[in-house]
Amino acid sequence: MATIDRQTATLALAHALSAAERGLPVFPLSATKLPALRSPHHGEDPPTPCRGACGLPGHGVHDATTDPAAVRALFAAAPRVTGYGIACGRPPHRLIGIDLDIDTAHGNDSVAALQQLALQHLFTIPPTVTVLTPSGGRHLWLTGPQDVPVPNSAGRLAPGIDVRGAGGYLVGPGSVTTHGRYRLAPGTAHLAPAACPGALLRLLTPPPRPRRPVGRTAPAGQGQGLVQFVRAAHEGQRNTRLFWAACRAYEHGFGDDLADALTDAAISTGLTAQEARAAIASAARLTTPRRLP
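Treat the numbers as computed from the prediction; the structure is a model and nothing was measured.

(A) Main features of helix α8 (residues 273–286). Here α8 contains 14 residues, and its C-alpha end-to-end distance of 20 Å stays within 8% of the 20 Å for a straight helix at 1.5 Å per residue. Of the residues making up α8, those classed as buried are A276, A279, I280, A283, A284 and L286. Seen along its axis, α8 keeps its buried residues to an arc of 170°; they face one direction. Along α8, exposed side chains directed more than 90 degrees from the buried face belong to Q274, R277 and R285.

And the structure:
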């Protein structure tokens with residue numbers, strides 16, 4: 001477990017200031033990878049829907065800034081800081097993080113899955129900033145265009161591949177967590193985040209959901225492969241598989257019709273009904289068409 005001391009906090013601030021100098025908006029994190037500052041609205045009933053408009057710190061990724069004085073003030077107010085987050089989707093870089101988890105125990109090889117997607121959709125991941133995680137995974141840093149917001153997702157591309165986009169954040173290299181230190185992969189420290197390949201960008205932005213006539217239901221048996229995919233989940237991949245399957249169902253226009261079957265399948269693997277419905281609802285929100293600015 002990481003030791004939280006003055007030296008750790010000082011190093012975290014130094015790394016954060018260095019990132020801010022390169023135009024990356026940063027904010028302090030605790031050893032749990034969560035924002036280190038408590039919300040000023042904690043305990044309010046009903047909760048205040050505030051993303052920093054009140055002017056007080058403690059709004060997580062919405063606190064992220066590139067201003068050195070503001071960065072120092074945030075870190076000074078966070079006594080248990082051990083790292084820093086980098087806000088994705090913000091100018092000038094509009095960072096997109098491709099989070100490749102390593103879970104060979106359950107047969108998930110996210111690196112191989114990304115390579116398969118690259119072959120299937122004819123794109124190449126260019127040399128770019130790569131951060132090695134304490135669990136053995138890696139974060140690939142890419143940049144996106146101004147007019148295409150990339151949503152956050154978990155397992156949507158493939159099991160084990162998460163995406164950090166607008167409203168999300170990445171743990172910055174040099175951060176210390178309860179599981180270890182995040183560090184730059186050898187040979188990538190001098191690189192700038194590379195532009196996201198167009199074919200990959202299209203995969204990262206969900207297509208509009210097909211519209212069906214009112215009263216039409218999914219053909220009998222449609223989506224049963226997705227249901228079986230969820231039923232075959234082992235511990236550690238249940239929520240990821242459910243979310244991925246629900247995204248596919250909603251993208252093909254029969255998510256609502258398959259929701260009950262997916263819920264039952266998830267419950268059979270050990271998830272609670274509440275957890276299953278929350279994951280399916282998240283998939284529905286993610287795949288709902290969004291207006292581009």
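(B) Inspection of the pattern of salt bridges at higher detail. Applying the stated criterion to the full structure yields four salt bridges. For D99, the salt bridge identified is with R164, shortest N-O distance 3.9 Å. Of this pair, D99 sits in strand β3 (residues 95–100) while R164 sits in strand β9 (residues 161–164), placing them 65 residues apart in sequence. Taking relative accessible area as the criterion, D99 reaches 9% and is therefore assigned buried. As a salt-bridge pair, R156 and E251 come within 2.6 Å of each other at their nearest N and O atoms. Here R156, found in strand β8 (residues 153–158), pairs with E251, found in helix α6 (residues 238–251); they are 95 residues apart in sequence, far enough to count as distant. The pair formed by R156 and E251 is uniform in burial state, with each residue classed as buried. By sharing partners, the salt bridges in this structure join D99, D162 and R164 into a single network.

(C) Main features of the packing of helix α1 (residues 6–21) against helix α2 (residues 68–76). As a packed pair, α1 and α2 sit with axes 10 Å apart at the nearest point and diverge in direction by 155°. Relative to α2, α1 is oriented roughly antiparallel. Here the hand of the crossing between α1 and α2 comes out right-handed. Taken together, the residues of α2 that come into contact with α1 (itself represented by A12, L13, A16, L17 and A20) are P68, V71, R72 and F75. Counted by class, the contact of α1 with α2 contains eight nonpolar, no polar and one charged residues.

(D) Fine view of unusual backbone geometry. With an omega dihedral of 5°, the bond running from P91 to P92 counts as a cis peptide bond. Phi is positive for R94, close to 50°, though the residue is something other than glycine. Checked against the element boundaries, R94 lands in the loop between β2 (83–87) and β3. At L122, a position not held by glycine, the phi torsion is positive, near 60°. On the secondary structure map, L122 appears in the loop between α3 (110–121) and β6 (130–132).

(E) Looking closely at the sheet that holds strand β1 (residues 26–29). Ordered by their spatial adjacency, three strands build an open sheet running β1-β2-β10, and the pairing between neighbours is antiparallel. The two strands at the open ends of the sheet, each matched to only one other strand, are β1 and β10 (169–171). The average angle at which neighbouring strand axes cross in this sheet is 35°, direction not considered. As paired strands, β2 and β10 are joined by three bridges and run antiparallel to one another. Of the residues in β10, the one forming a bridge with G85 is V171.

(F) Here's a closer look at the layout of surface pockets. In this model, the largest pocket occupies a volume close to 540 Å³. Considering the residues around the largest pocket, the lining is formed by 26 residues, among which K33, D99, H139, D162 and R164 are closest to the centre. At the level of elements, β4 (102–103), β8, β9, β10 and α8 are the ones that each hand at least two residues to the lining of the largest pocket. Classifying every residue of the lining of the largest pocket by side-chain character gives 10 nonpolar, nine polar and seven charged.

(G) Highlighting the packing of aromatic side chains. Taken as a whole and assessed by the stated rule, the structure comprises two aromatic pairs. With a centroid separation of 5.0 Å and an interplanar angle of 85°, the aromatic rings of F27 and Y169 are classed as edge-to-face. With F27 in strand β1 and Y169 in strand β10, the pair connects residues that are 142 residues apart, well separated along the chain. On the basis of relative accessibility, which here comes to 1%, the residue F27 falls in the buried class.

(H) Region of the structure containing the side chain of R241. Note on placement: R241 falls in helix α6. Contacts of R241, omitting those with residues within four sequence positions, involve F229, V230, A232 and A233.

(I) Local environment of the pairing of β8. With five of six residues buried, β8 is to be regarded as a mostly interior element. Note: β8 against β9, three bridges, orientation antiparallel. Residue pairing across strands places A158 opposite I161, the latter belonging to β9. In this antiparallel pair of consecutive strands, β8 and β9, the connection spans two residues, and G160 shows a positive phi of 95°.

Rules of the game
- Residues numbered from 1 in each chain as written.
- Predicted model: local features only at pLDDT ≥ 70, side-chain atom pairs only at ≥ 80, totals over all residues.
- Heavy atoms only, no water.
- Helix = DSSP H or I, 4+ residues; strand = E, 2+ residues; numbered from the N terminus.
- Expected span 1.5 Å × (residues − 1).
- Buried < 20%, exposed > 50% of the residue type's maximum accessible area, 1.4 Å probe, protein only.
- Arc of directions from axis to C-beta.
- Salt bridge = Lys/Arg side-chain N within 4 Å of Asp/Glu carboxyl O.
- Axes fitted to C-alpha atoms, helices over the stretch in contact; angles between N-to-C directions.
- Parallel < 35°, antiparallel > 145°, perpendicular 65-115°, else oblique.
- Left-handed = near helix turned anticlockwise from the far one by under 90°.
- Contact = heavy atoms within 4.5 Å.
- Nonpolar A, V, L, I, M, F, W, Y, C, P; charged D, E, K, R; others polar.
- Pairing = 2+ DSSP bridges.
- 1 Å grid on protein atoms, 1.4 Å probe; cavity = no way out; pocket = protein on both sides within 12 Å on 5 of 7 lines; lining within 4 Å.
- Points joined across faces, edges and corners; volume = space filled by probe spheres on them.
- Phe/Tyr/Trp six-rings, centres within 6.5 Å; stacked < 30°, edge-to-face > 60°.

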